[in-house]
Amino acid sequence: MAKKKRTHYDKLKTLLFGRDLRVTTGEPYTEIREFDFSSYYPEDKYIYNQPINADKVIDIRDYGADVHNSDNAVFINKAIADAQKTGAVVLVSGGDFVTTTVILKSGVTLFIERGSALCANTSGIGYEEFGAVLFAENEKNITLTGGGKIKGNGHLFGRKPVALSNNTSPADYIDVIEMRRDYRSQIRFAHESKYGSPVIIKNCKYVAVDNFIIENSAYWSFKVSNSSNVSVKNLIINNNRNVANADGIDLSGSSDISIRHCFISTADDGIVLKNAIWLGNIKPMENINISDCEIISRTNAVKVGTETTFDIKNINISNCKLFMTDLYPGSVSGISLEACDGSVLSNVKIRNIEMDRCTCPIFIRMANRNRAGTVNAQSANAIEFSKKAEKGASSEKNRFDMLSQIRDIAIENISAKQAEIPVIIAGFKQKGKVKRVENITLRDINITYADIPETMDRRLFIPEYSREYPEGWRFRNLPAYALWARHVKNLKITNFNCIHPQPTWKREMIMNDIIE
């Protein structure tokens, strides 16, 4: 329970006895609670009634698919195979069709009619080989459209949260330590039956998604791995906001990506970029354009990281709204830019962004977790499926050590309401060496702090946390409310304003080790 002042006893208790509220035992918890899904759901703004304009159409029902079947995969896959030969469109119409993995093929358009869906089964069995409802690998010219849905049944594959109900009221005091506990008490952490994702696109080229819905994902909702020339527009991802590790759009090692006019409401990161050796990525990723999106996330609305060994560059994010409805606490961050495992993150332009109840509006973090020397493909994600991590590394321990860089970031015209943490920009000091974030421009930044008193939590120093999981909440209750920056080179600030409606013990800005 947040209170007016954290005493020495409170701090010692947090340090020595603070426990994570991850639930690791128990059977799947299947109840859908009030406010698990966002009350704001603008389907008609993004999804439209779409006629099927094609000379050749293959209806999966003509191949044996039926809404009463327990698994329609064999019928749908046969329809797709024939469509690839003839150039036909594959039609899903007439209701909800339960299926195990459907394999997408080159040149095929999958048209799921509005009001119809492909659905994951309720057991999680049958997805072991591919880990997805829709899967494509080494294919090209794939289209997903029609206005219909992929339903993931994500709420069936997690354990009962600690909290008895969802929290819909703000705390009496802003206290980051209690904020994190409150958030994690509401999360449904993975049961071992968790099967995977609604959609996985792997090593593909020229993928188009337009007028499509993903609903109630169990894991990463739309994963694009080692692919290029992917266009996503008029996409809705509407997830249970308490299903652990349910990212929205997950871009991994992929380049030349356009994401525009999408609505995403999810438990984990809304749109996240990753580029890590243990994810099977092999080269830099670049040219990512994100625009005109509304994103609700319990963690980070738009994020680069945390799994980043290879370089990421040329990112443009514009004209988006990042926010939280109904639940408390708000999003961990609005924009999060991270390089912690050896990646060079560069040439990022962000402009015209509205935020509401993103606790940390902007988080820029360089560190040295160097995970490639300690994790492999299995161990890096084992806990996300309630598995035990096996020993092993993805590379020799020094291959990516101390290589992370963040440079050439321009952020402008940001409006953030009800913030509860300052903008954070942080390099790190490790092994006696200081590494600084470089060339950061903040222009026309307007922040209004939440009208809530803050817990007093004075500390003698702020640790580096350079090997810890990077997020805005990691730094706990910082002694600044507008901007806290450390280990930065060439920080340019123009027209930065933060209104704090409450009396506070904090300073407006604190900048340590900032050089030109």
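Shown above is the structure to which this text applies.
What counts and what doesn't
Residues numbered from 1 in each chain as written. Predicted model: local features only at pLDDT ≥ 70, side-chain atom pairs only at ≥ 80, totals over all residues. Heavy atoms only, no water. Helix = DSSP H or I, 4+ residues; strand = E, 2+ residues; numbered from the N terminus. Rg over C-alpha atoms; globule rule 2.2 N^0.38 Å. Buried < 20%, exposed > 50% of the residue type's maximum accessible area, 1.4 Å probe, protein only. Contact = heavy atoms within 4.5 Å. Lys, Arg positive; Asp, Glu negative; His and termini not counted. Salt bridge = Lys/Arg side-chain N within 4 Å of Asp/Glu carboxyl O. Phe/Tyr/Trp six-rings, centres within 6.5 Å; stacked < 30°, edge-to-face > 60°. Pairing = 2+ DSSP bridges. Disulfide = S-S within 2.5 Å. Polar contact = N/O pair within 3.5 Å; in protein donor to acceptor, adjacent residues only side chain to side chain. Expected span 1.5 Å × (residues − 1).

### Some details on the overall build of the protein
Consideration 1: From N to C terminus, the protein includes five helices and 31 strands.
Consideration 2: Here the protein has a C-alpha radius of gyration of 23 Å; the compact-globule value for 516 residues is 24 Å, and the two agree.
Consideration 3: Based on the C-alpha atoms only, the size of the protein along its principal axes is roughly 70 × 45 × 45 Å.
Consideration 4: Here the protein holds 516 residues, and 60% of them are scored as buried.
Consideration 5: When contacts within the protein are restricted to residue pairs at least 6 apart in sequence, those whose partners lie at least 24 apart make up 81%.

### A look at the side chain of K223
Consideration 1: Within the fold, K223 resides in strand β12 (residues 222–225).
Consideration 2: Buried within the structure, K223 lacks any salt-bridge partner; D250 is the closest side chain of opposite charge, at an N-O distance of 6.8 Å.
Consideration 3: Dropping the residues within four chain positions of it, K223 is found in contact with V199, I200, I201 and D250.

### Remarks on the packing of aromatic side chains
Consideration 1: The final tally for this structure, using the stated rule, is 15 aromatic pairs.
Consideration 2: Seen in terms of ring centroids, F130 and F135 are 4.8 Å apart; in terms of plane orientation they differ by 40°. Their pairing is tilted.
Consideration 3: Its relative accessible area of 28% is what places F130 among the partly exposed residues.
Consideration 4: A relative accessible area of 7% means that F135 is categorised as buried.
Consideration 5: Residues F310 and F400 carry aromatic rings whose centres are separated by 5.6 Å and whose planes lie at 85° to one another, so their mutual orientation is edge-to-face. One end of the pair, F310, is in the loop between β20 (300–308) and β21 (312–323); the other, F400, is in the loop between α5 (377–381) and β25 (405–419), with 90 residues separating them in the sequence.

### A word on the pairing of strand β10 (residues 197–202)
Consideration 1: Taken across its six residues, β10 has five buried, putting it largely inside the fold.
Consideration 2: As paired elements, strand β7 (residues 132–137) and β10 share five bridges and run parallel to each other. By the bridge assignment, A136 is partnered in β10 with I201.

### Digging into the state of the cysteines
As used here, a disulfide is simply a covalent bond connecting the sulfur atoms of two cysteines.
Consideration 1: As enumerated under the stated definition, the model contains zero disulfides in all.
Consideration 2: With no disulfide partner, C262 has as its closest neighbouring cysteine sulfur the one in C293, 4.5 Å distant.
Consideration 3: For C360, which is in no disulfide, the shortest distance to another cysteine sulfur is to C358 and amounts to 9.4 Å.
Consideration 4: Overall, C360 belongs to the buried group, its relative accessible area being 0%.

### A word on the pattern of salt bridges
For side chains bearing opposite charge, pairing can occur when the charged atoms are close.
Consideration 1: Here the structure, examined in full by the defined rule, presents 32 salt bridges.
Consideration 2: Between R114 and D44 there is a salt bridge; the shortest N-O distance is 2.8 Å. With a gap of 70 residues between them, R114 in the loop between β5 (109–112) and β6 (117–119) and D44 in helix α2 (residues 43–46) connect regions that are remote in the sequence.
Consideration 3: Judged by its relative accessible area of 25%, R114 is partly exposed.
Consideration 4: As a salt-bridge pair, D269 and K303 come within 3.5 Å of each other at their nearest N and O atoms.

### Regarding the environment of T30
Consideration 1: Among the structural elements, T30 can be located in the loop between α1 (8–17) and α2.
Consideration 2: Assessed through its relative accessible area of 44%, T30 is described here as partly exposed.
Consideration 3: Between the C-alpha atoms of T30 and K160, which are 130 residues apart in sequence, the distance is 8.3 Å.
Consideration 4: Other than its neighbours up to four places away in sequence, T30 contacts H155, L156 and R188.

### Here we look at unusual backbone geometry
Glycine aside, a negative phi is what most residues show, and trans is what most peptide bonds show.
Consideration 1: In the segment running from G305 into T306, the intervening peptide bond is cis, with an omega of 5°.
Consideration 2: Note on placement: T306 falls in strand β20.
Consideration 3: Here the bond from Y328 into P329 is cis, since omega is 0°, no more than 30 degrees from zero.
Consideration 4: Counting through the fold element by element, P329 comes out in the loop between β21 and β22 (331–339).
Consideration 5: Phi at N370 is positive, roughly 55°, even though this residue is not glycine.
Consideration 6: With respect to the element layout, N370 can be found in the loop between β24 (358–366) and α5.

### A closer look at helix α4 (residues 176–185)
Consideration 1: Where burial is concerned, most of α4 is hidden: seven out of the 10 residues are buried.
Consideration 2: Of all the residues in α4, the buried ones are V176, I177, E178, M179, Y183, R184 and S185.
Consideration 3: The N-cap residue of α4 is D175: its side-chain oxygen and the backbone nitrogen of I177 are 3.1 Å apart.

### Describing helix α3 (residues 73–86)
Consideration 1: An ideal rise of 1.5 Å per residue puts 20 Å on 14 residues; α3 measures up with 20 Å between its terminal C-alpha atoms.
Consideration 2: Every buried residue of α3 is accounted for by A73, I76, A79, I80, D82 and A83.
Consideration 3: Where α3 is buried, its residues meet β1 (57–59), β2 (89–92), β4 (102–103) and β6.
Consideration 4: Following α3 by one or two positions, G87 has its phi on the positive side, about 75°.

### Some remarks on the environment of R19
Consideration 1: Positionally, R19 belongs in the loop between α1 and α2.
Consideration 2: By relative accessible area, R19 is classed as exposed at 59%.
Consideration 3: Sequence separation of R19 and R181 is 162 residues, and the distance between their C-alpha atoms is 8.9 Å.

### Regarding the pairing of β21
Consideration 1: In this structure, strand β18 (residues 285–291) lies alongside β21, joined through six bridges in parallel fashion. Bridge pairing links I288 to I315 in β21.
Consideration 2: Pairing of strand β19 (residues 294–297) with β21, which is carried by three bridges, proceeds in the parallel orientation. Residue E294 lies in a different strand from β21, and its bridge partner there is K321.
Consideration 3: Where β21 meets strand β23 (residues 344–356), 10 bridges bridge the pair, whose relative direction is parallel. The residue of β23 that forms the bridge with C320 is I353.

### Things to note about the side chain of S331
Consideration 1: Along the polypeptide, S331 turns up in strand β22.
Consideration 2: Residue S331 is classed as buried on the basis of its relative accessible area, which comes to 1%.
Consideration 3: Setting aside its immediate chain neighbours within four residues, S331 contacts S297, R298, T299, F323, M324, R357, C358, T359 and C360.

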